[in-house]
Amino acid sequence: MSKNKDIPSDHKSSATEVVHSGRNPFEHHGFVNVPVYRGSTVLFPNLETLEKQSQTFTYARHGTPTVRALEDAISQLEFGHATKLTPSGYQAITTAILAFVESGQHILVTDNVYEPTRHFCDYILKRMGIETEYYDPLIGSGIAQLVRPNTSLIYVESPGSLTFEIQDIPAIAKVAHEKNLWLIADNTWATPLFCNPLTLGADVSIHSATKYLVGHADALLGTITSNERASKHLEKAYRTLGVCAGSEEIFLGLRGLRTLSVRLEKHQNTGLELAQWLSARSEILNVIHPALPSHKQHLVWKRDFKGSNGLFTVILKPVPKTALAAFLDGLKVFTMGFSWGGFESLVIPFNTSKCRTATSWKIDGQ
Ligand SMILES: *Cc1c(COP(=O)(O)O)cnc(C)c1O
């Protein structure tokens, strides 16, 4: 690991780490940023090195110094053993799940999961003969009752997409360990700065780095961080599937990382201010934002998270479609668009009733 040796590790705050992690300028002639290594072929100086594969880099698909820099930085920030980079957050999810399943098994996935993850389970995993069972995000230790002899993993996403339930990851992790299952967490919302699922008992933490990490809506990128137990399986699946991320995107990830802490501070302050303002409006039924004391799992959020951000849900009182369109089309600062985590102010209308199968979700969120 190319950690900065000047700062003793016990003195580093996360804000300091995002600036220093994964780089040692004096390995690159003093230049502050790790260069973008472009390449496919890596040359070997002699037969012995080639046969023993004894040099650090052997082929670009298996890593470059640019790849290593972001991997090391995320491993450090997520308290992980190893990190792998993927071309998108979605591929981080599919690669991580594939690393731990085989035909005939059963997996448990939270009902408020990011929707493409559900598609992957219902389409690809199903074709492989793997059964996905969706569970109530608030199940906590009750998940033990759903574990079968052929269950291989539990998948959590906290807060869940769109409805923002905070899962009791430590309680679910306890069950996962007792039953010898893998626990995978989509940690995108929190970024590595505000929650570290591995320290709460998960084996794998995934990020869509496309969001706050890259932070400027100009690249897609994903990360998978694992503990030591999980990393061998992940490494094997990652290599065998032929996954690797583009060097330009990784550079944008490294660049975004350096300002993550200052950007998030602004995002969380503005987000909370907006959420509070919206809560008081007569047109609004409810605002679901984990940092609001009115959020149902606010105390769990306070226990497990170190901060919030600018992504939350607003529930309007029922209005005709024409009024909704007039509202959305009339916005001056916000624009409709998928994704989040950049500097644009975005809004997207949605209906959760279509993407739940295990639980129903009451429209007022109460
Ligand atoms: C956006 C998102 C993803 C997928 O990320 P991409 O980089 O767009 O593929 C995964 N999980 C969550 C929670 C997300 O919001």
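Nothing here was measured: the structure is a model prediction, and the numbers come from that model.

Enquirer: Sorry, what's going on with the packing of aromatic side chains here?
Expert: Each aromatic ring pair is specified by the distance between its two centres and by the angle formed by the two planes. Under the criterion given, the structure shown has three aromatic pairs. Arranged with centres 6.0 Å apart and planes meeting at 70°, the rings of Trp189 and Phe305 form a pair that is edge-to-face. In this pair, Trp189 is assigned in the loop between strand 5 (182–186) and helix 7 (191–194) and Phe305 in the loop between helix 11 (298–304) and strand 9 (313–316), connecting sequence segments 116 residues apart. The pair formed by Trp189 and Phe305 is uniform in burial state, with each residue classed as buried. Its end group placed over the ring of Tyr123, Arg127 keeps NZ or CZ at 5.0 Å from the ring centre.

Enquirer: What exactly am I supposed to notice about the sheet that holds strand 1 (residues 82–86) here?
Expert: Within a beta sheet, neighbouring strands are joined by backbone hydrogen bonds and run either parallel or antiparallel to one another. Taken in spatial order, the seven strands of this open sheet run 1-7-6-5-4-2-3, and their pairing is mixed. Every other strand in the sheet has two partners, leaving strand 1 and strand 3 (131–135) as the edge strands with one partner each. Pairs of neighbouring strands in the sheet enclose a mean axial angle of 20°, with direction left out of account. By the bridge criterion, five bridges tie strand 4 (residues 151–157) to strand 5 in an arrangement that is parallel. When the bridges of strand 5 are listed, Tyr155 appears paired with Ile184. Strand contacts of helix 5 (residues 115–127): strand 2 (106–110), strand 3 and strand 4, with the helix running at about 150° to strand 3, the strand carrying the most contacts.

Enquirer: It is not clear to me how the site of the ligand should be interpreted in this structure. Could you clarify?
Expert: Residues in close proximity to the ligand total 14 residues, the closest being Gly89, Tyr90, Asp186, Thr210 and Lys211. One of the side-chain N or O atoms of Asp186 is found 2.7 Å from a nitrogen atom in the ligand. Thr210 places a polar side-chain atom, nitrogen or oxygen, 2.5 Å from an oxygen atom of the ligand. The fraction of the free accessible surface of the ligand (380 Å²) that becomes covered by protein chains is 89%. If you tally residues by element for the shell around the ligand, the top one is helix 4 (residues 89–98), at three residues.

Analysis parameters
- Residues numbered from 1 in each chain as written.
- Predicted model: local features only at pLDDT ≥ 70, side-chain atom pairs only at ≥ 80, totals over all residues.
- Heavy atoms only, no water.
- Phe/Tyr/Trp six-rings, centres within 6.5 Å; stacked < 30°, edge-to-face > 60°.
- Helix = DSSP H or I, 4+ residues; strand = E, 2+ residues; numbered from the N terminus.
- Buried < 20%, exposed > 50% of the residue type's maximum accessible area, 1.4 Å probe, protein only.
- Lys NZ or Arg CZ within 6 Å of the ring centre and 35° of its normal.
- Pairing = 2+ DSSP bridges.
- Axes fitted to C-alpha atoms, helices over the stretch in contact; angles between N-to-C directions.
- Contact = heavy atoms within 4.5 Å.
- Near = heavy atom within 4 Å.
- Polar contact = N/O pair within 3.5 Å; in protein donor to acceptor, adjacent residues only side chain to side chain.
- Areas by Shrake-Rupley, 256 points an atom, 1.4 Å probe, with all protein chains shown as cover.

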